[in-house]
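Each chain, letter by letter, is given below.
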Amino acid sequence: MAVEKKKIIIVGCGPGAESYITPAAREAAVKADVLIVSRRLKEFFPEVAAERIDSGVDIEGTLDEIASRRDTGRQVIILATGDPGIASLAQPVIRRFGRENCEVIPGISSIQVAFAKLGLDWQDARIISAHSSDPEVSAADLRPAGKIAVLGGREGSLRWAAGLIPELGKGRRVFLCEDLTLPDEKFREVSADELITIPVSSRAIILIIQGELLS
(Lines give C-alpha, C1' and ligand atoms only; values in the text may rest on other atoms or scores of the structure.)
Protein backbone atom coordinates (compact mmCIF):
# COMPACT_ATOMS: atom_id res chain seq x y z
CA MET A 1 0.00 0.00 0.00
CA ALA A 2 1.44 3.39 -1.01
CA VAL A 3 2.27 5.80 1.78
CA GLU A 4 0.45 9.12 1.64
CA LYS A 5 3.05 11.89 1.80
CA LYS A 6 1.81 14.91 3.69
CA LYS A 7 2.58 18.49 2.84
CA ILE A 8 5.58 19.97 4.62
CA ILE A 9 4.41 22.91 6.71
CA ILE A 10 6.81 25.81 7.22
CA VAL A 11 5.78 27.88 10.23
CA GLY A 12 6.90 31.43 11.01
CA CYS A 13 7.45 31.75 14.78
CA GLY A 14 7.93 35.49 15.08
CA PRO A 15 10.84 37.64 16.24
CA GLY A 16 11.51 35.89 19.55
CA ALA A 17 8.89 36.42 22.23
CA GLU A 18 6.23 33.73 22.48
CA SER A 19 3.55 36.43 22.60
CA TYR A 20 4.38 37.17 18.95
CA ILE A 21 3.59 33.62 17.79
CA THR A 22 0.33 33.66 15.85
CA PRO A 23 -2.60 31.35 16.64
CA ALA A 24 -2.23 29.89 13.14
CA ALA A 25 1.38 28.94 13.90
CA ARG A 26 0.39 27.24 17.15
CA GLU A 27 -2.43 25.36 15.43
CA ALA A 28 -0.01 24.05 12.79
CA ALA A 29 2.74 23.08 15.25
CA VAL A 30 0.52 20.75 17.29
CA LYS A 31 -0.01 18.59 14.18
CA ALA A 32 3.67 17.68 13.98
CA ASP A 33 5.09 14.19 14.05
CA VAL A 34 8.48 15.75 13.33
CA LEU A 35 9.64 19.28 14.18
CA ILE A 36 12.62 20.76 12.37
CA VAL A 37 13.96 23.43 14.72
CA SER A 38 16.87 25.84 14.98
CA ARG A 39 18.80 26.43 18.20
CA ARG A 40 16.71 29.53 18.88
CA LEU A 41 13.42 27.65 18.62
CA LYS A 42 14.23 24.33 20.26
CA GLU A 43 12.25 25.17 23.41
CA PHE A 44 9.13 26.31 21.58
CA PHE A 45 5.93 24.25 21.78
CA PRO A 46 7.04 21.95 24.66
CA GLU A 47 3.55 20.46 24.69
CA VAL A 48 4.11 18.91 21.25
CA ALA A 49 5.35 15.32 21.60
CA ALA A 50 7.16 15.20 18.26
CA GLU A 51 10.60 14.07 17.17
CA ARG A 52 12.81 17.16 17.09
CA ILE A 53 15.60 17.54 14.54
CA ASP A 54 18.10 20.40 14.71
CA SER A 55 18.12 22.27 11.40
CA GLY A 56 21.82 23.06 11.97
CA VAL A 57 24.01 24.45 9.20
CA ASP A 58 24.01 21.44 6.86
CA ILE A 59 21.07 22.37 4.66
CA GLU A 60 21.35 19.37 2.34
CA GLY A 61 21.56 17.05 5.33
CA THR A 62 18.45 18.64 6.82
CA LEU A 63 16.58 18.27 3.53
CA ASP A 64 17.50 14.57 3.46
CA GLU A 65 16.17 14.17 7.02
CA ILE A 66 12.91 15.84 5.99
CA ALA A 67 12.60 13.55 2.96
CA SER A 68 13.18 10.38 4.97
CA ARG A 69 10.49 11.31 7.53
CA ARG A 70 8.00 12.46 4.90
CA ASP A 71 8.50 9.22 2.92
CA THR A 72 7.09 7.29 5.90
CA GLY A 73 3.92 9.40 5.97
CA ARG A 74 4.89 11.51 8.97
CA GLN A 75 3.84 15.14 9.29
CA VAL A 76 6.93 17.34 9.09
CA ILE A 77 6.71 20.87 10.46
CA ILE A 78 9.58 23.32 10.02
CA LEU A 79 9.83 26.13 12.55
CA ALA A 80 11.33 29.31 11.08
CA THR A 81 12.40 32.37 13.03
CA GLY A 82 10.50 35.52 12.11
CA ASP A 83 8.72 35.14 8.79
CA PRO A 84 9.64 32.23 6.44
CA GLY A 85 9.91 34.68 3.54
CA ILE A 86 13.04 36.34 4.94
CA ALA A 87 16.36 34.47 5.29
CA SER A 88 14.92 31.07 6.23
CA LEU A 89 15.01 27.41 5.29
CA ALA A 90 11.75 27.85 3.37
CA GLN A 91 13.23 28.45 -0.07
CA PRO A 92 15.61 25.43 -0.09
CA VAL A 93 12.71 23.26 1.10
CA ILE A 94 10.35 24.55 -1.59
CA ARG A 95 12.99 24.08 -4.29
CA ARG A 96 13.62 20.48 -3.19
CA PHE A 97 10.04 19.33 -2.64
CA GLY A 98 8.00 21.67 -4.87
CA ARG A 99 5.53 24.41 -4.00
CA GLU A 100 2.61 22.02 -4.34
CA ASN A 101 4.04 19.88 -1.54
CA CYS A 102 4.63 22.73 0.90
CA GLU A 103 2.46 25.05 2.94
CA VAL A 104 3.78 28.29 4.46
CA ILE A 105 2.34 29.85 7.62
CA PRO A 106 3.61 33.45 7.75
CA GLY A 107 5.00 34.98 10.92
CA ILE A 108 5.91 38.41 12.25
CA SER A 109 9.41 39.39 11.12
CA SER A 110 11.88 41.23 13.33
CA ILE A 111 12.15 43.69 10.43
CA GLN A 112 8.47 44.55 10.88
CA VAL A 113 9.10 45.13 14.58
CA ALA A 114 12.16 47.31 13.89
CA PHE A 115 10.30 49.60 11.48
CA ALA A 116 7.31 49.72 13.82
CA LYS A 117 9.63 51.10 16.51
CA LEU A 118 10.26 54.07 14.23
CA GLY A 119 6.66 54.37 13.09
CA LEU A 120 7.74 53.79 9.49
CA ASP A 121 6.26 51.57 6.80
CA TRP A 122 8.69 49.14 5.19
CA GLN A 123 7.07 48.40 1.84
CA ASP A 124 9.89 50.14 -0.05
CA ALA A 125 12.77 49.08 2.20
CA ARG A 126 15.84 47.28 0.84
CA ILE A 127 16.47 44.19 2.97
CA ILE A 128 20.04 42.90 2.98
CA SER A 129 21.26 39.76 4.74
CA ALA A 130 24.73 40.01 6.23
CA HIS A 131 24.09 37.29 8.78
CA SER A 132 26.52 34.70 7.45
CA SER A 133 28.81 36.73 5.17
CA ASP A 134 29.31 40.21 3.73
CA PRO A 135 26.70 40.96 1.05
CA GLU A 136 27.77 41.39 -2.55
CA VAL A 137 25.93 44.65 -3.07
CA SER A 138 27.40 48.07 -3.80
CA ALA A 139 26.74 51.43 -2.19
CA ALA A 140 25.77 52.74 -5.63
CA ASP A 141 23.00 50.13 -5.82
CA LEU A 142 21.72 50.99 -2.35
CA ARG A 143 22.07 54.78 -2.54
CA PRO A 144 18.57 55.42 -3.98
CA ALA A 145 16.95 53.54 -1.10
CA GLY A 146 15.66 55.72 1.72
CA LYS A 147 15.21 52.73 4.00
CA ILE A 148 17.74 49.91 4.34
CA ALA A 149 17.54 47.02 6.79
CA VAL A 150 20.63 44.88 7.29
CA LEU A 151 20.20 41.51 8.98
CA GLY A 152 23.31 41.24 11.13
CA GLY A 153 24.20 38.98 14.02
CA ARG A 154 28.00 38.91 13.76
CA GLU A 155 30.75 41.46 14.29
CA GLY A 156 31.62 41.36 10.59
CA SER A 157 28.13 42.48 9.62
CA LEU A 158 28.46 45.61 11.75
CA ARG A 159 31.87 46.39 10.25
CA TRP A 160 30.42 45.93 6.75
CA ALA A 161 27.55 48.30 7.54
CA ALA A 162 29.94 50.82 9.12
CA GLY A 163 31.94 50.91 5.89
CA LEU A 164 28.81 51.21 3.75
CA ILE A 165 27.11 54.10 5.55
CA PRO A 166 29.55 56.91 4.61
CA GLU A 167 29.35 55.83 0.96
CA LEU A 168 25.56 56.28 0.92
CA GLY A 169 25.83 60.03 1.28
CA LYS A 170 24.90 62.51 3.98
CA GLY A 171 21.74 62.60 6.01
CA ARG A 172 21.48 58.96 7.00
CA ARG A 173 20.45 57.96 10.52
CA VAL A 174 21.42 54.56 11.87
CA PHE A 175 19.57 52.42 14.41
CA LEU A 176 20.88 49.22 15.97
CA CYS A 177 18.11 46.84 16.98
CA GLU A 178 18.96 43.81 19.13
CA ASP A 179 16.85 41.01 20.65
CA LEU A 180 13.60 42.66 19.61
CA THR A 181 10.53 41.66 21.68
CA LEU A 182 12.76 39.83 24.19
CA PRO A 183 13.55 40.96 27.78
CA ASP A 184 17.04 42.15 26.75
CA GLU A 185 15.76 44.19 23.81
CA LYS A 186 17.90 47.18 22.77
CA PHE A 187 16.92 49.81 20.24
CA ARG A 188 19.31 52.74 19.92
CA GLU A 189 20.55 55.29 17.45
CA VAL A 190 24.27 54.97 16.74
CA SER A 191 26.95 56.41 14.49
CA ALA A 192 28.79 54.42 11.83
CA ASP A 193 31.95 54.62 13.94
CA GLU A 194 30.15 53.17 16.97
CA LEU A 195 29.09 50.12 14.97
CA ILE A 196 32.73 49.02 14.79
CA THR A 197 33.13 48.84 18.58
CA ILE A 198 29.73 47.61 19.79
CA PRO A 199 29.43 43.94 20.87
CA VAL A 200 26.55 42.55 18.85
CA SER A 201 23.76 40.13 19.64
CA SER A 202 23.08 37.25 17.26
CA ARG A 203 19.61 38.78 16.80
CA ALA A 204 20.63 42.14 15.37
CA ILE A 205 19.22 44.41 12.66
CA ILE A 206 20.77 47.65 11.44
CA LEU A 207 18.35 50.22 10.04
CA ILE A 208 19.86 52.90 7.79
CA ILE A 209 17.24 55.58 7.20
CA GLN A 210 17.27 58.80 5.20
CA GLY A 211 16.88 61.42 7.93
CA GLU A 212 14.14 63.41 6.23
CA LEU A 213 11.83 60.38 6.45
CA LEU A 214 11.90 60.72 10.24
CA SER A 215 11.15 64.44 10.42
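First things first, this report covers the structure right here in the doc. (Residues numbered from 1 in each chain as written. Predicted model: local features only at pLDDT ≥ 70, side-chain atom pairs only at ≥ 80, totals over all residues. Heavy atoms only, no water.)

**Let's talk about helix α3 (residues 90-97)**
For α3, the full list of buried residues reads Ala90, Pro92, Val93, Ile94 and Phe97. On its buried face, α3 sits against β1 (8-12), α2 (59-70), β4 (76-80) and β5 (102-105). Two residues or fewer past α3, Gly98 is found with a positive phi of approximately 90°. (Buried < 20%, exposed > 50% of the residue type's maximum accessible area, 1.4 Å probe, protein only. Helix = DSSP H or I, 4+ residues; strand = E, 2+ residues; numbered from the N terminus. Contact = heavy atoms within 4.5 Å.)

**Some thoughts on the sheet that holds strand β9 (residues 186-190)**
Taken in spatial order, the five strands make up an open sheet running β6-β7-β10-β8-β9, and their pairing is mixed. Edge positions in the sheet fall to β6 (126-129) and β9, since each of these pairs with one other strand and no more. Averaged over all adjacent pairs, the angle separating strand axes in this sheet is 20°, with direction ignored. Where strand β7 (residues 147-151) meets strand β10 (residues 204-210), five bridges bridge the pair, whose relative direction is antiparallel. The residue bridging Leu151 from the neighbouring strand is Ile205, located in β10. (Pairing = 2+ DSSP bridges. Axes fitted to C-alpha atoms, helices over the stretch in contact; angles between N-to-C directions.)

**Observations concerning the packing of aromatic side chains**
Taken as a whole and assessed by the stated rule, the structure comprises two aromatic pairs. Each ring, one from Phe44 and one from Phe45, has its centre 6.2 Å from the other, and the planes form 85°; the classification is edge-to-face. Here Phe44 and Phe45 have matching classes, each one buried. Note on Phe175 and Phe187: the rings are 5.8 Å apart at their centroids and 25° apart in plane angle, and the pair reads as stacked. (Phe/Tyr/Trp six-rings, centres within 6.5 Å; stacked < 30°, edge-to-face > 60°.)

**Overview of the environment of Thr81**
With respect to the helices and strands, Thr81 occurs in the loop between β4 and α3. Thr81 sits in the partly exposed class, given a relative accessible area of 28%. For the pair Thr81 and Val37, spaced 44 residues apart in sequence, the C-alpha separation works out to 9.2 Å. Sequence-distant contacts of Thr81, that is, excluding residues within four places in its chain, are made with Gly14, Ser38, Arg40 and Leu41.

**Looking at the nonpolar core**
Judged by nonpolar contacts, the single largest core of 24 residues is most densely connected at Leu142, Ile148, Trp160, Leu195, Ile206 and Ile208. Secondary structure elements with two or more residues in this core: α5 (139-142), β7, α6 (155-164), β8 (172-178), α7 (192-197) and β10. Among the elements that take part in this core, α6 stands out by supplying five residues, more than any other. Filtering out sequence-adjacent residues up to four positions away, Ile208 remains in contact with Gly146, Lys147, Ile148, Val150, Leu164, Ile165, Leu168, Arg172 and Arg173. (Core = buried A, V, L, I, M, F, W, Y, C linked by side-chain atoms within 4.5 Å.)

**Side note on the sheet that holds β4**
Judged by pairing direction, the sheet is parallel, and its five strands sit side by side in the order β3-β2-β4-β1-β5 without closing on themselves. Two strands bound the open sheet, and with one partner strand each, they are β3 (51-54) and β5. Averaged over all pairs of adjacent strands, the angle between strand axes in this sheet comes to 20°, irrespective of strand direction. Bridge count between β1 and β4: four bridges; the pairing is parallel. For Gly12, the partnering residue across the bridge sits in β4 and is Ala80. Packed onto the sheet, α3 meets β1, β4 and β5 and runs at close to 165° relative to β1.

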